[in-house]
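# Coordinate analysis (summary)
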Amino acid sequence: MSDFLNTLFARQSVKFVQAPGPDDAALDLILQAAVRAPDHGAVHPWRFALVRGADVPALVDVAVQAGLDENKPLPAHKVAGARTWLSRVPLVILLACRPDPHGRIRPEESRLAVGAAVMNMLNAAHALGFHGFWSTGLGTYLDGMGAALGFDPLDEHFMGYLALGTPIEAPAPAARPDYRNFVRDWHA
Ligand SMILES: Cc1cc2nc3c(=O)[nH]c(=O)nc-3n(C[C@H](O)[C@H](O)[C@H](O)COP(=O)(O)O)c2cc1C
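Predicted, not measured: the structure shown is a model, and the values here were computed from it. (Residues numbered from 1 in each chain as written. Predicted model: local features only at pLDDT ≥ 70, side-chain atom pairs only at ≥ 80, totals over all residues. Heavy atoms only, no water.)

### Here's the deal with the pairing of strand β5 (residues 157-167)
Defined as follows: Here's how the labels work: a residue is buried when its accessible area is under 20% of the maximum for its type, exposed when over 50%, partly exposed in between, all with a 1.4 Å probe on protein chains only. The helix and strand labels rest on DSSP assignments: H or I over at least four residues marks a helix, E over at least two residues marks a strand, and numbering proceeds from the N terminus. For two strands to be treated as a pair, DSSP must find at least two bridges joining them.
Among the 11 residues in β5, 9 count as buried, and that is most of the element. Pairing of strand β1 (residues 17-18) with β5 involves 2 bridges; the strand directions are antiparallel. Paired with V17 across the two strands is P167, which belongs to β5. Judged from the 7 bridges that link them, strand β3 (residues 91-97) and β5 form a sheet pairing that is antiparallel. Bridge pairing in β5 places I93 opposite L162. One ladder, built from 5 bridges, connects strand β4 (residues 131-135) with β5; its direction is antiparallel. Among the inter-strand pairings, F133 is bridged to a residue of β5, identified as A163.

### Brief notes about the side chain of D39
Spelled out, the test is: Residues scored as charged are limited to Lys and Arg (positive) and Asp and Glu (negative), so that His and the chain ends carry no count. When a carboxyl oxygen of Asp or Glu is within 4 Å of a side-chain nitrogen of Lys or Arg, the pair counts as a salt bridge. In protein, a polar contact means a hydrogen-donor-capable atom and an acceptor-capable atom, both N or O and within 3.5 Å, with residues adjacent in sequence counting only if both atoms are side-chain atoms; elsewhere, any N or O pair within 3.5 Å suffices. Contact definition: two residues touch when any of their heavy atoms are within 4.5 Å.
You can see D39 is positioned in the loop between α2 (24-34) and β2 (46-52). Although D39 lies buried, it forms no salt bridge, and the closest oppositely charged side chain, R104, sits 8.0 Å away as judged by the N-O distance. Polar contacts involving the side chain of D39 include one to the main-chain amide nitrogen of H44, which spans 2.8 Å. Those residues within four positions of D39 in sequence are excluded, and the remaining contacts are H44, P45, W46 and A113.

### Overview of the site of the ligand
This is how the line gets drawn: For this purpose, a residue is taken to be near a molecule or strand whenever a single non-hydrogen atom of the residue falls within 4 Å of it. Method for areas: the Shrake-Rupley scheme with a 1.4 Å probe, in which residue coverage is limited to the protein chains shown. Side-chain classes follow a simple rule in which Ala, Val, Leu, Ile, Met, Phe, Trp, Tyr, Cys and Pro form the nonpolar group, Asp, Glu, Lys and Arg form the charged group, and the remainder, Gly included, forms the polar group.
Inspection of the region around the ligand gives R11, Q12, S13, F133, W134, S135, T136, G137 and R176 as its neighbouring residues. With respect to the ligand, the backbone of W134 contributes an N or O atom lying 2.6 Å from an oxygen atom. The contact in question runs from an oxygen atom of the ligand to an N or O atom on the side chain of S135, over 3.1 Å. Protein contact buries 54% of the 620 Å² of open area that the ligand shows by itself. Partitioning the shell around the ligand into residue classes produces 2 nonpolar, 5 polar and 2 charged.

Encoded structure:
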């Protein structure tokens, strides 16, 4: 099997990571990988914000406040879990999508392009020796969350978080499904 496929097949998500995270050179490669995702119409819909080190735990406070502002307070156990999770994460990439302003490309296709970019980042991070975790678990779907994080409330839709770093504990090998359960032939 090719080195590329070996790397791809070995990737697995790890939620609880710590420093070291990607340095500037590694982050540059990870972001270069992001913008190589397929993107119908070259919309370039991906919008990212980098949150590093000491700023990371404050994401929980932003989500808590957004929940209160919308009269949808986050459950205490979710807040506690997020504080534990983000207390040691060295880098979070905030994920957002700006759909085609001219309406040529359907918005869902731009979301798919952002998702493909996130997958490229996960794989690039893995190839560079880091682990990551893609999450929507912290206030992602609150109406005001994107704006609270600095995204344009009119046309940049917040999509969640990509946390990157080094596993706190070595992960057990991930079980993977048998693709044959999901694949069929089609004949004319
Ligand atoms: C869009 C998206 C959002 C996700 N949000 C969460 C989340 O909030 N909490 C969670 O436990 N896993 C979440 N996951 C799943 C993890 O990122 C991860 O895929 C899962 O733990 C399986 O790990 P694997 O990548 O090694 O298969 C999300 C995945 C995607 C694609």
